[in-house]
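Per-entry structural report
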Amino acid sequence: MIPVVLDCDPGHDDVFAMLLAAAHPAIDLRAITTVAGNGPLDKVTTNALRVCALAGIDVPVAAGLSQPAAGNAPSIHGESALDGTDLPEPADLLADEDAVTLTERLLDKAGPVTIVATGPLTNVAALLRKRPDLRPRVAFMGGSCGRGNWTPLAEFNIWADPEAADVVLSSGLEVTMCGLDVTHQATATPDVFERLRAMRTPIADRMGDLLRFFASTYDEVFGMPDPPVHDPVAVAAVAAPELLRFVDAPIAVELTGTHTRGATVVDLHGVTGKPANARVALDLDRAEFWDVMLAAVERLG
Ligand code: RIB
Ligand code: CA
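Below is a summary of the structure that appears in this document. (Residues numbered from 1 in each chain as written. Chains lettered and ligands numbered in written order. Predicted model: local features only at pLDDT ≥ 70, side-chain atom pairs only at ≥ 80, totals over all residues. Heavy atoms only, no water.)

**Some thoughts on the coordination of the calcium ion (ligand 2)**
Selection criterion: In this description, a donor is an N, O or S atom within 2.8 Å of the metal centre, a cutoff extended to 3.2 Å for sodium, potassium and calcium. Water is not part of the atom list, which can make sites seem incomplete. Numbering of helices and strands runs from the N terminus, with a helix taken as a DSSP run of H or I at least four residues long and a strand as a DSSP run of E at least two residues long. Each residue gets one of three labels from its accessible area relative to the maximum for its type: buried under 20%, exposed over 50%, partly exposed in between, using a 1.4 Å probe on protein chains only.
Protein coordination at the calcium ion (ligand 2): the donors are Asp9 (OD), Asp14 (OD), Asp14 (OD), Thr118 (O) and Asp231 (OD), at 2.2 to 2.6 Å from the metal. The sequence pattern describing where the donors of the calcium ion (ligand 2) fall on their chain is D-x4-D-x103-T-x112-D. Of the two residues, Thr118 sits in the loop between strand E4 (114–117) and helix H5 (122–130) while Asp231 sits in the loop between helix H10 (202–222) and helix H11 (232–239), which places them 113 residues apart along the sequence. As far as burial versus exposure is concerned, Thr118 and Asp231 are alike and both buried.

If you want it as structure tokens, here you go:
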């Protein structure tokens, strides 16, 4: 089993990442850490604890550093950052240390750990700045080889903290990027809603509610009635890499562009002559992905 720390900003699609990380047989979920992104730190942390209570996830949850990354996304995730359903009271899992300290302690004790990041990379960068000797694998949802979703050329997680993404991509670590190119293939089509409805479990019912909310905002904002469930793709890249196609490529993060700050510039054809600094996921076996994702929901139900 692969030891994993999930760093997230729940966020509707982050919840699917939490369930997949908690229930996939190949993953040993050691901790959940939270980062400001889809909502401020207190909201995303409360949301993570509520989801742990719903799904019976029993791991430490540690809040990120106090200085939140930029960005909030109420237009997509609502005022609570997880609108659309009733969730239980938060589980009593909040660690008495912050995300960086807890992850540092886990890495010192557990050896090779994979950090799956599904929000801005603020916490991951802070860990690497504090302890450049630590060598976790990092798989993150963020960026794209083409257009963005928060500005014309920047994807939200990278846009929210581009300097943090630059730290991760300059670290020399084994880094996997699951950008919009691959996550836009993880669409929740009507059959996904039907399969959740047919499960008739509290978790599946709540996930159906959340997905309906997510679909409504994605349709309103992006004209995408079948919303791409981005974040669990980064978990699948670790748990079931056979479901994805990857290429190695150099990725640069635009930090200063007036119109392009936060863009991930992925050199897919080696025109820059730079060495690859990441593995980039480009394709997904969508049917298999949803079988794996929904099996996780069923297992926790
Ligand atoms: O651009 C999609 C990413 O931004 C996802 O992680 C979503 O949860 C938001 O954080
Ligand atoms: Ca997220």
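**Section: the pairing of strand E1 (residues 2–8)**
Heads up, the rule is: Only when DSSP finds a minimum of two bridges between them are two strands counted as paired. Note on handedness: a clockwise path from strand one over the helix to strand two, with the strands aimed away from the viewer, defines a right-handed crossover.
Where burial is concerned, most of E1 is hidden: six out of the seven residues are buried. The pairing of E1 with strand E2 (residues 27–34) spans seven bridges and is classified as parallel. Directly across from Cys8, in E2, lies its bridge partner Thr34. One crossover worth recording links E1 to the parallel E2 by way of helix H1 (residues 12–23), and it is right-handed. Across four bridges, the pairing between E1 and E4 is parallel. Pairing of Val4 across the sheet is with Thr114, part of E4.

**With respect to the environment of Thr33**
Rule in force here: Contacts described as polar in this section are N or O atom pairs within 3.5 Å, which, within protein, must combine one atom able to donate a hydrogen with one able to accept it, while residues neighboring in sequence count only if both atoms come from side chains.
Residue placement: Thr33 occurs in strand E2. Sequence spacing of Thr33 and Asn123 is 90 residues, and the spatial spacing of their C-alpha atoms is 8.5 Å. Within the structure, Thr33 has its side chain in polar contact with the side chain of Asp7 (distance 2.5 Å).

**Observations regarding the site of ligand 1**
Worth spelling out the cut-off: Near is defined per residue: the residue qualifies when any heavy atom it owns lies within 4 Å of the molecule or strand. Accessibility throughout is a Shrake-Rupley quantity obtained with a 1.4 Å probe, and a residue counts as covered only by protein chains that appear here. A 1.4 Å probe that fits but cannot get out identifies a cavity on a 1 Å grid over protein atoms alone, an open set with protein on both sides within 12 Å along at least five of seven lines counts as a pocket, and a residue lines either if it has an atom within 4 Å of a point. The rule for placing a molecule in a cavity or pocket is simple: more than half of its atoms must lie within 2 Å of the grid points. All residues other than Ala, Val, Leu, Ile, Met, Phe, Trp, Tyr, Cys, Pro, Asp, Glu, Lys and Arg, Gly among them, are scored as polar; the first ten of these are nonpolar and the last four charged.
All residues adjacent to ligand 1 are Asp9, Asp13, Asp14, Asn38, Thr118, Met141, Asn149, Glu155, Phe156, Asn157, His230 and Asp231. The separation between an oxygen atom of ligand 1 and a polar side-chain atom of Asp13 is 2.6 Å. Contact between ligand 1 and Asp231: an oxygen atom at 2.6 Å from a side-chain N or O atom of the residue. Here ligand 1 loses 97% of its free accessible area of 280 Å² to cover by the protein chains. With respect to the detected pockets, ligand 1 is housed in the largest cavity. Counting residues per element, the ones that place at least two in the shell around ligand 1 are H1 and helix H6 (156–160). For the shell around ligand 1, the class distribution of residues is two nonpolar, five polar and five charged.

**Structural notes on the pattern of salt bridges**
Using the following cut-off: By salt bridge we mean one thing: a side-chain nitrogen of Lys or Arg within 4 Å of a carboxyl oxygen of Asp or Glu.
On inspection of all chains with the given rule, the structure shows 16 salt bridges. Salt-bridge contacts for Arg131 lead to Glu104; the nearest nitrogen and oxygen are separated by 3.0 Å. You can see Arg131 sitting in the loop between H5 and strand E5 (137–141) and its partner Glu104 sitting in helix H4 (residues 99–110), a full 27 residues away along the chain. The pair formed by Arg131 and Glu104 is uniform in burial state, with each residue classed as buried. Of the charged contacts in the structure, one is a salt bridge between Arg286 and Asp191, with a shortest N-O distance of 4.0 Å. With Arg286 in helix H12 (residues 286–300) and Asp191 in helix H9 (residues 190–199), this residue pair connects regions lying 95 residues apart in the sequence. With a relative accessible area of 24%, Arg286 lands in the partly exposed category.

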